[in-house]
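So the chains spell out like this:
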Amino acid sequence: MGGRVTRVFRTFNVENRARREISKEKPTPAPRHRTARMDAAADQPEIKEEILRKDDRLLTLLKDVYVESRDPPVQVKDGGGEHLPCKQEEKRLTKLGNLGALDVKKVSKGKISIVEALTLLNNHKLHPQIWTAEKIAAEYSLELKDVNCLLEFFIPFTVQEFPKETKKAIKST
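Residues numbered from 1 in each chain as written. Predicted model: local features only at pLDDT ≥ 70, side-chain atom pairs only at ≥ 80, totals over all residues. Heavy atoms only, no water.

## Some points on the pattern of salt bridges
Applying the stated criterion across every chain yields a total of 4 salt bridges. With a shortest N-O distance of 2.9 Å, E50 and R53 are connected by a salt bridge. For E68, the salt bridge is made with R70, and the minimal N-O distance between the two is 2.8 Å. R70 sits in the exposed class, given a relative accessible area of 70%. (Salt bridge = Lys/Arg side-chain N within 4 Å of Asp/Glu carboxyl O. Buried < 20%, exposed > 50% of the residue type's maximum accessible area, 1.4 Å probe, protein only.)

## A few points about the confidence of the model for the protein chain
In low-pLDDT regions, the fine details of the predicted coordinates are not to be read closely. Mean pLDDT for the protein chain: 78, with 73% of residues reaching 70 or above. Per-element confidence in the protein chain ranges from a low mean pLDDT of 60 for helix α3 (residues 36-43) to a high of 92 for helix α8 (residues 144-153). (pLDDT = per-residue confidence, 0-100. Helix = DSSP H or I, 4+ residues; strand = E, 2+ residues; numbered from the N terminus.)

## Examining the nonpolar core
By size, the foremost hydrophobic cluster in this structure holds 11 residues: L120, L121, W131, A133, I136, A137, Y140, L142, V147, L150 and L151. Broken down by secondary-structure element, the contributors of at least two residues to this core are α6 (114-126), α7 (133-140) and α8. Looking at this core, the element that brings in the most residues is α7, giving 4 residues. (Core = buried A, V, L, I, M, F, W, Y, C linked by side-chain atoms within 4.5 Å.)

See below:
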């Protein structure tokens, strides 16, 4: 309830309050404090003369410096002409899928879809002699070390049903 009340006051007359704040004159900044160093330079004419005087020794040293630089020739790129071909990923068609339009149609080589992963894990679980790691790697275009890790660390779920006679019924007291 309190949030609604504060929201009402916060949004009340927002446009007029914003326009009023924008139209206010901006505050003028506070005057700067004069530093002692700038005051001394402004008051002493010797320092002003030293700043404006040209030093002949430094000018001759500056004239002796000779800098030679050459830019490399500029190469203009043509817009039309040669285009480098993009590296296209190799793709393969998926093996399974029952969802029709929602299924993944193409998968990059070295990768598998979720449906394929569950299927190959289940096949390996049911028939480990037939579905070896080497056969799975060849079938789905995967690396052997990835398949070994997949078979070692990912295990599909098993559904277990308990017979009804082993269940104990709760006795009413």
